Number of protein chains: 2
Amino acid sequence: MIAACIMAGGQGERFWPASRRARPKQFLPLLDGRSPLQETVARLDSLVPPEHTYVVTTEAYADQVMEQLPQLPAQNVILEPVGRNTAACIGLAAVVMAQRLGRDATMVVLPSDHWVRPVKAFQQVLASAIKAAQSDRWLVTLGIRPSRPETGYGYIRHSHERLTFEGLPAHPVEAFVEKPDRARAQRYLSDGNYLWNAGIFIWQVGVILEELRQHMPQVYEPLAALQDQVDTPQFWTAVRRIYPSLPSISIDYGVMERARRILVFPCSFAWDDLGSWPALARVFPTDAAGNLTRGKVVLEDVGGSIVHSSGKLIAALGVQDLVIVETEDAILVCDRARAQELRRLVGRIAEEGYTAYL
Amino acid sequence: MIAACIMAGGQGERFWPASRRARPKQFLPLLDGRSPLQETVARLDSLVPPEHTYVVTTEAYADQVMEQLPQLPAQNVILEPVGRNTAACIGLAAVVMAQRLGRDATMVVLPSDHWVRPVKAFQQVLASAIKAAQSDRWLVTLGIRPSRPETGYGYIRHSHERLTFEGLPAHPVEAFVEKPDRARAQRYLSDGNYLWNAGIFIWQVGVILEELRQHMPQVYEPLAALQDQVDTPQFWTAVRRIYPSLPSISIDYGVMERARRILVFPCSFAWDDLGSWPALARVFPTDAAGNLTRGKVVLEDVGGSIVHSSGKLIAALGVQDLVIVETEDAILVCDRARAQELRRLVGRIAEEGYTAYL
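Residues numbered from 1 in each chain as written. Chains lettered and ligands numbered in written order. Predicted model: local features only at pLDDT ≥ 70, side-chain atom pairs only at ≥ 80, totals over all residues.

## Topic: the overall build of chain A
Move 1: Helix and strand content of chain A: eleven helices and 18 strands.
Move 2: Its C-alpha atoms give chain A a radius of gyration of 21 Å, within 12% of the compact-globule value 21 Å for 358 residues.
Move 3: Along the first, second and third principal axes, the C-alpha atoms of chain A reach 60 × 50 × 35 Å.
Move 4: Counting across all 358 residues of chain A, residues that qualify as buried make up 48%.
Move 5: Taking the contacts inside chain A whose residues are at least 6 apart along the sequence as the reference set, 66% of them involve residues at least 24 apart. (Helix = DSSP H or I, 4+ residues; strand = E, 2+ residues; numbered from the N terminus. Rg over C-alpha atoms; globule rule 2.2 N^0.38 Å. Buried ≥ 20, exposed ≤ 12 C-beta atoms within 10 Å, placed from the backbone. Contact = placed C-beta atoms within 7 Å.)

Printed below as a string of structure tokens:
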């Protein structure tokens, strides 16, 4: 029995003006018409059927999840009353799955806003990872082989010890490492034992609940106490009552950095966390000058830029490495190298009273 | 008797996307709601009454002229069947004025797309220039004291000889000089005897007609032959017949570079030819970071930029020296230093088939 837990409660401002508080990036049709959430579910095709695919999100996004994923049973959309980071999110889903599917079910935890190609390669590793999680109670994760000294991701350091599942190698994890500075990221890249932490986890429901009990009782106890109310009329009322007081801690920090017996599968497929607009130029082919354009765009002596029109003609002359995005009511012009700082700009927009644009 | 001849037939693409073939810059509400054409007429207030204010334009712009200047008699809008540069334009107006007002009338020739502040200072020099034109048959022009080594303007070199009209100094002109290169422009700036050619001329109608007869008979003869048909039903038909075959030559090249007895008044008022978007940042006050903004604009770490929203919120982050302009159907993003090359971009837009945006 395999079930997926897709985490879709993130808010993210780094795709402003396309992303808004009411419509964060996992719901945006960024990937040639499909949203990252829809791609995430499609990527599980053949491994997890819709009736065992769960999405955890906040109440504000429930309608968008159901609209984008009509194949999912409504009861598989798990609503957090408020966001409480990934440990609580995974704990809540694990409790629901434990009650419905049993503690032996295998749980695949996936962010809803990432990109992967080719999908076949992902599915092959995931199938092996599931096997590993089912045998011998491993906490399993997928680690992406770094292709650049990225300072925006966490890393996983693994040992040289090598296990094999269905022909694919996996290594015991020595440490989960936080986002490094540039020099350290360069070292990780050349070292060979460091992988990007993609936030993808595979484990048995009973195994993660046991880990939460050990390392995060303040998350585990209130949730576990509700397990026998799952699928009763009282359950969501009870969740609403206890959830706001849960600590807001990531599963990486709360469990993975403390647990033993973690196994990582090195992955060589192309992966991106779609962290901000420039990510699209990694994900889609660019023209000879390094430009990625969508919609009505005319460029003269422009390079390295992402230019996205939603209706008006965007014409640019003599500029380099910009992000230019038009949406229905707003226009962004941003230095590509500073797209990570978009949150500051969004803060400024709020300060200046343009709240309708947030 | 003083009459104004305002030349408003220019096409200009350097304010794209606000300017279009059907609506060039002289008609755009660039100056806090008023168009350069409207400002040009307003600037003549107290010196030239509306009934003696003439506008020469092409047929395509006739409606816009009459709409923007309802105070003008319809017969004062002189329509060129096609554009034939300033010599023909001025010749045509002079012939009409000679017939209606007589050859002794003083004709003030003004471009319709420039900016001047303060208006009082302009009016004071113009009044003296009119006096000079009325006495002793001078060809009179206004020359702007250069404030930077501008390579985009023509220059006027004057002699040290000094005349005075109503207390204001004027000098005989030695030469009309074409747009210089950078080094030469720097020399002109420090020399002290060079002024910017603002394309403003004051002369008696009979005087300019005589100059045209001498230096440009190919323009003069066909037009002068029509003088006694002015205000008859045949006149415009005749103009339509002969005008296309007139040579397309500027008054500067055709007359001013050859004539003697030209007088220039050095002017110290602020003047700008509004040549392209960056001109607006010379004309209007900018913020501490050198930005000029209009409409809904939010800037974070942006400097030296002109940002003009017509409806959508424009938010920019970490960019310098850009021109960002949104109009009803298009968006321009351009390096400020290359705004003069906008014509190339407009050409590219045409090539790519977006003809509706030209």
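The rest of the description comes next.
## What to know about helix α6 (residues 205-215) of chain A
Move 1: Turning to α6(A), its buried residues are Val205(A), Val207(A), Ile208(A), Leu209(A), Glu211(A) and Leu212(A).
Move 2: Considering only its buried residues, α6(A) is in contact with α3 (85-101), β4 (106-111), β6 (139-144), β10 (194-204), α7 (217-224) and α9 (251-256) of chain A.

## Points about the relation of the copies chain B and chain A
Move 1: By a simple turn and slide, chain B fits onto chain A: the slide is 0.0 Å along the axis, the RMSD is 0.1 Å, and the turn is 179°. Taken together, the rotation and translation describe the operation of a two-fold axis. Rotation axis and chain B: the residue whose C-alpha lies nearest the axis is Val333(B), separated from it by 4.2 Å.
Move 2: When the interface residues of chain B are mapped onto chain A, 100% of them again fall at the interface, so both copies present the same face. (Least-squares fit on C-alpha atoms with pLDDT ≥ 70 in both.)

## Quick notes on the interface of chain B and chain A
Move 1: Taken together, the 31 residues of chain B in the interface contact 31 residues of chain A.
Move 2: Within the residue set of the side of chain B that touches chain A, elements represented by two or more residues are β14 (297-300), β16 (313-317), β17 (322-326), β18 (330-335) and α11 (342-351) of chain B.
Move 3: At six residues, the largest contribution of residues to the side of chain B that touches chain A is made by β18(B).
Move 4: Along the lines of polarity and charge, the residues of the side of chain B that touches chain A split into 19 nonpolar, one polar and eleven charged.
Move 5: As paired strands, strand β16 (residues 313-317) of chain A and β18(B) are joined by five bridges and run parallel to one another. For Ala316(A), the partnering residue across the bridge sits in β18(B) and is Val333(B). (Nonpolar A, V, L, I, M, F, W, Y, C, P; charged D, E, K, R; others polar. Pairing = 2+ DSSP bridges.)

## What to know about the environment of Asn193(A)
Residue and element names in this part refer to chain A.
Move 1: Within the fold, Asn193 resides in the loop between α5 (182-191) and β10.
Move 2: Spatially, the C-alpha atom of Asn193 lies 23 Å from that of Lys131, the residues being 62 residues apart in sequence.
Move 3: Look past the residues within four positions of Asn193 in its chain and what remains in contact with it is Arg157 and His158.

## Re the sheet that holds strand β15 (residues 306-308) of chain A
Move 1: Spatially, β13(A)-β15(A)-β17(A)-β18(A)-β16(B)-β14(B) is the arrangement adopted by the six strands of the open sheet, whose pairing is mixed. The outermost strands of the open sheet, each flanked by one partner alone, are β13 (292-294) of chain A together with β14 of chain B. Each strand of the sheet is rotated relative to its neighbour by a mean of 5°, with strand direction disregarded.
Move 2: Contacts between helix α11 (residues 342-351) of chain A and the sheet are confined to β18 (330-335) of chain A together with β14 and β16 of chain B, with β14(B) contributing the most and set at about 135° to the helix. (Axes fitted to C-alpha atoms, helices over the stretch in contact; angles between N-to-C directions.)

## Examining the pairing of strand β11 (residues 262-267) of chain A
Residue and element names in this part refer to chain A.
Move 1: With five of its six residues buried, β11 lies for the most part within the structure.
Move 2: Where β6 meets β11, six bridges bridge the pair, whose relative direction is parallel. Paired with Thr141 across the two strands is Val264, which belongs to β11.
Move 3: Sheet analysis places strand β9 (residues 168-177) next to β11, joined by two bridges and oriented antiparallel. Its bridge partner lying in β11, Pro172 is registered against Leu263.

## Remarks on the confidence of the model for chain A
Move 1: Residues with a pLDDT of 70 or more make up 100% of chain A, whose mean pLDDT is 96.
Move 2: If you check the scores for this complex, the pTM reads 0.91 and the ipTM reads 0.90. (pLDDT = per-residue confidence, 0-100.)

## Brief notes about the sheet that holds strand β14 (residues 297-300) of chain A
Move 1: Strand order in the open sheet made by the six strands is β14(A)-β16(A)-β18(B)-β17(B)-β15(B)-β13(B), with mixed pairing throughout. Lying at the two open borders of the sheet, with one neighbouring strand each, are β14 of chain A together with β13 (292-294) of chain B. The mean inter-strand angle of the sheet, taken between neighbouring strand axes irrespective of direction, is 5°.
Move 2: Sheet topology note: the β17(B)/β18(B) ladder contains five bridges and is antiparallel. Opposite Leu322(B), over in β18(B), you have Asp335(B) as the bridge partner.
Move 3: With respect to the sheet, α11(B) is in contact with β14 and β16 of chain A together with β18 of chain B, its orientation differing from that of β14(A) by roughly 135°.

## With respect to the packing of helix α3 (residues 85-101) of chain B against helix α7 (residues 217-224) of chain B
Residues and elements named next belong to chain B.
Move 1: Between α3 and α7, the shortest axis-to-axis distance is 10 Å and the interhelical angle comes to 30°. Taken together, the axis directions place α3 and α7 in an arrangement best described as roughly parallel. The handedness of the crossing between α3 and α7 comes out as right-handed. On α7, the residues that touch Ala87, Ala88, Gly91, Leu92 and Val95 of α3 are Val219, Tyr220, Leu223 and Ala224. (Parallel < 35°, antiparallel > 145°, perpendicular 65-115°, else oblique. Left-handed = near helix turned anticlockwise from the far one by under 90°.)

## Comments concerning the packing of α6(A) against α7(A)
All names here are of chain A.
Move 1: At a minimum axis distance of 6 Å, the contact between α6 and α7 shows a crossing angle of 125°. By the angle class used here, α6 and α7 are oblique. The residues of α7 that touch α6, namely those facing Leu209, Leu212 and Arg213, are Pro217, Val219, Tyr220 and Ala224.
Move 2: Class assignment for the residues of the contact of α6 with α7 results in six nonpolar, no polar and one charged.

## Thoughts on the domain arrangement of chain A
Residues and elements named next belong to chain A.
Move 1: Structurally, chain A comprises domain 1 (2-272) and domain 2 (279-357).
Move 2: Look at where the C-alpha atoms of domain 1 and domain 2 centre, and you get two points 30 Å apart.
Move 3: Each partner contributes residues to the interface: domain 1 has nine residues there, and domain 2 has 14 residues.
Move 4: Partitioning the side of domain 1 that touches domain 2 into residue classes produces five nonpolar, one polar and three charged. (Domains from an automatic or database assignment.)

## Regarding unusual backbone geometry
With the exception of glycine, the majority of residues adopt a negative phi angle, and the majority of peptide bonds are in the trans configuration.
Move 1: In this structure, Pro118(A) follows Arg117(A) across a cis peptide bond, with omega equal to -10°.
Move 2: The omega torsion of the bond from Trp16(B) to Pro17(B) falls at 5°, within 30 degrees of zero and hence cis.
Move 3: Its location among the elements puts Pro17(B) in the loop between β1 (2-7) and α1 (36-43).
Move 4: Unusually for a residue other than glycine, Asp301(A) sits at a positive phi of about 60°.

## Observations concerning the environment of Thr106(A)
Move 1: For Thr106(A), the position within the fold is in strand β4.
Move 2: Other than its neighbours up to four places away in sequence, Thr106(A) contacts Met1(A), Ile2(A), Ile130(A), Ala133(A), Gln134(A), Ile202(A) and Gln204(A).

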